[in-house]
Structure formats: structure tokens, C-alpha cells
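In case you want the letters, here they are:
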Amino acid sequence: MSLNRRNFIGAGALAAGAGLAMGASGVASAAVSSKTFNWKMTNAYAPGSPFYVQGPGSPTDFCKRVEEMSGGRLKIQHFAAGELIPALEGFDAVASGMVEMNAANAFFWAGKIPAAQFFTAVPFGMNTQGMNAWLYNGGGLKLWEELYAPHGLVPMPMGNTGTQMTGWFRQPLENVDSLKGLKMRIAGLAGKVYSELGVAVRLLPGGEIFPALERGVIDAAEFVGPYQDRRMGLHKAAKNYYTTGWHEPTNVTELIINQQAWDSLPADLQAIVRFCAQACNVDSWSWCDAVNAEAMQDLVNNQGVIARPLPDDIIKRLHEVTRDTLSSMATSDPATKKIYEHFFAFRKQYVSWASVGEKAFMEIGMGES
């Protein structure tokens, strides 16, 4: 009896100890789960900008979704360009830990990381469906994360405009020679291509595009698409609107997060951030397609805009120069070479399917009904 009693007491002590340990673990777990985080997000775009700042799938919408899904455990205060830092200083602000997040486009950091441009838009690259396929399921996001890791940043897509327009031109384009000497506002890899064709490239923030085009400081400008361009009044400064966006067949909004801040989040909050970013990527794209359809009709039917595709010889030459420009970039930087090869290998595979699926449907199934 005494032995059994001792065994019983010993077992009880062990159980009690285990219970205390489990209780302590539960308390610690509860403490972690109830911890709140207050972050700041800066933005490359001006206050009130549709898509880029506010509206469905925008950065402010993202912040709201995260707070709601986390039950208030992660609150993100949003600052548009100029409200906390200048427009294009978000990369450094997040890398330094001054703020936890920034919303922009990866091609803004081309001066720091040339390969970053592949994660916004690639001329004659892939449409939004293809880009999302590459990022989420083709290894693109992993490459993006590897590229930014040395800078202490975690990147992910958070929005997309879909296919953009070639842009607004004060005078119609007749042929390749029409581009020589043209002063044009354009960003990203396309600027390098246009430069090779004699275009004087200007990178102007959104708010400066209309006055520059209206006064003739520039001869042409590209921004986004019908809705955003109409809102800026670009149709009042130029009437020749060219399609389609060879230079930006897609355009990814980038969310970057400070690595240390990211690591401080529990797994469930990290999952919420990723889920909300992915949801905004889809929602913003859907919103753009909806509003662009109405705006395009209005511009052509009511605003005197002449919308037409680029002349064939211009498109052919743009193809040639783009191929040479991207190939040259790939030879100058190992990181760019790796991403360039991966992107175009995936593109080849994706196009083989898109030609059978999407392209065939666009040709026979998307006519007037």
C-alpha cells in the first residue's frame, strides 16, 4: 500500500507539474495572442489617389482589412506621399525601421536594385493572369524575397492595375521616326526602350504630368489607364490615346515590410497580412477593369479622344529593342540574369497555354453580343 501510495503521489505530482507547465504555456500563448501591434505604412502616391491610396483593394483598404481580420491586434496607420516622408523614400524608410511598411512599385528602386523592375512590369512580358501565376505559383515571389532579403525587407504583391495604355500624344504617331526627339513621361523598363529610339524620357510624379503636357514641356505621357488618366485631365492636354500597354501589360503594386517587424508578428497575423495583400491584389484589379470600361467609352464618345493602336512598324521596332535591352541588362548583373531567365522561361510556358485558352477565347468569344 505504501509503495502504491508513493507511486500515486509521485504520479500526481508529475501530473500537477505538467498541468502547471501547460497552464503557464497557455498563459504565455494567451499573452502572445492578445498582444497588439501599431505600425505605420508610407506610400509613394499622393493623398486621395484612387487605387494607389484609397478605394477597393487600395493600401488604405488593406490597412482596414488587416485591422478587422486581426480583431484590432494589428493596426496600420497609413501616410500618403508627403504626409510623413517624400514620395520615393519608402524603400529606405522601411529598410531602416523608421516605418514598418511601404506601398509603391518595385521599379522605383531600379537605381538600387535593377532586377526589382521585373516585379512591377516587363515590356512585352505577361498580362496580369500570367504575372500572378508566376508570382504565386511559379516561383516569382520566392525570387523577389531573395532579392530583397539583403536589404532587410519582405516584399509581396498588393494590387494590380491590369493592362495599361501606351499613353497620350499631342501629335499622332506615323512611324518609328515620329518618336525621335519626342519628350515623354514614362517610368520603368519602357523608358530604357524608348530612349534607344530617340525619345527624351522624363520621370515625373503624377501631379506634374498634366501641367507639363498642357504647356508642351513634354510631348507625350503615360500614366495608367482611362479612369486614372481622365481623372488627371490628360485628355484635355492631348487627344491621341494609343493602345495597348506593350510597356506595362500588367502593373504590380508592391508592399514591402521591415524584416524585423515581420518576424515579430505571430504566425496568425503574418497569415492575415498575406491574405489581405492577396485579396487586395485581386480586388484592385477587378475595380480597375470595371471603371476603365466606363471611362474609355466616355473619353471616345464624349471627350473627343482618338483611341487607336500603335502603328505596326513601331510595335515591331519596340519588340526588337525591348529584347536587346532586357538581354543587355541580364548580362550586367547576376541577380537580374537569374530573374530574367526565370521570368522568360515561365513566360514561354504560360504563353503556350494562354494561346490555346485566353487568346482563342478573345478572338472568337469576346465579340459583340
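Residues numbered from 1 in each chain as written. Predicted model: local features only at pLDDT ≥ 70, side-chain atom pairs only at ≥ 80, totals over all residues. Heavy atoms only, no water.

Chemist: Now, about the pairing of strand β10 (residues 252-258): what can you tell me, with residues and values included?
Modeler: By the criterion of burial, β10 is predominantly enclosed, with seven of the seven residues buried. Residues of β10 alternate between two faces, with Val252, Glu254, Ile256 and Asn258 on one and Thr253, Leu255 and Ile257 on the opposite face, all of them buried. Pairing of strand β3 (residues 101-104) with β10 involves four bridges; the strand directions are antiparallel. Residue Met101 lies in a different strand from β10, and its bridge partner there is Ile257. (Buried < 20%, exposed > 50% of the residue type's maximum accessible area, 1.4 Å probe, protein only. Helix = DSSP H or I, 4+ residues; strand = E, 2+ residues; numbered from the N terminus. Pairing = 2+ DSSP bridges.)

Chemist: Which residues make up the packing of aromatic side chains, and what values go with them?
Modeler: In the structure shown here, the tally under the stated rule is 21 aromatic pairs. Taken together, a centroid distance of 5.9 Å and an interplanar angle of 75° make the contact between Phe91 and Tyr148 edge-to-face. In this pair, Phe91 sits in helix α3 (residues 90-96) while Tyr148 sits in helix α5 (residues 140-148), placing the two residues 57 residues apart along the sequence. What makes Tyr148 buried here is its relative accessible area of 0%. When the ring of Phe343 is compared with that of Phe344, the centres are 5.1 Å apart and the planes differ by 75°; the resulting orientation is edge-to-face. The exposure class of Phe344 is partly exposed, given its relative accessible area of 25%. (Phe/Tyr/Trp six-rings, centres within 6.5 Å; stacked < 30°, edge-to-face > 60°.)

Chemist: An account of the pattern of salt bridges is needed here, citing residue identities and associated values.
Modeler: Going through the model one piece at a time under the given rule, you end up with 13 salt bridges. For Glu145, the salt bridge is made with Arg274, and the minimal N-O distance between the two is 3.6 Å. With Glu145 in helix α5 and Arg274 in helix α10 (residues 267-302), the pair connects residues that are 129 residues apart, well separated along the chain. For Glu145, a relative accessible area of 26% corresponds to the partly exposed category. (Salt bridge = Lys/Arg side-chain N within 4 Å of Asp/Glu carboxyl O.)

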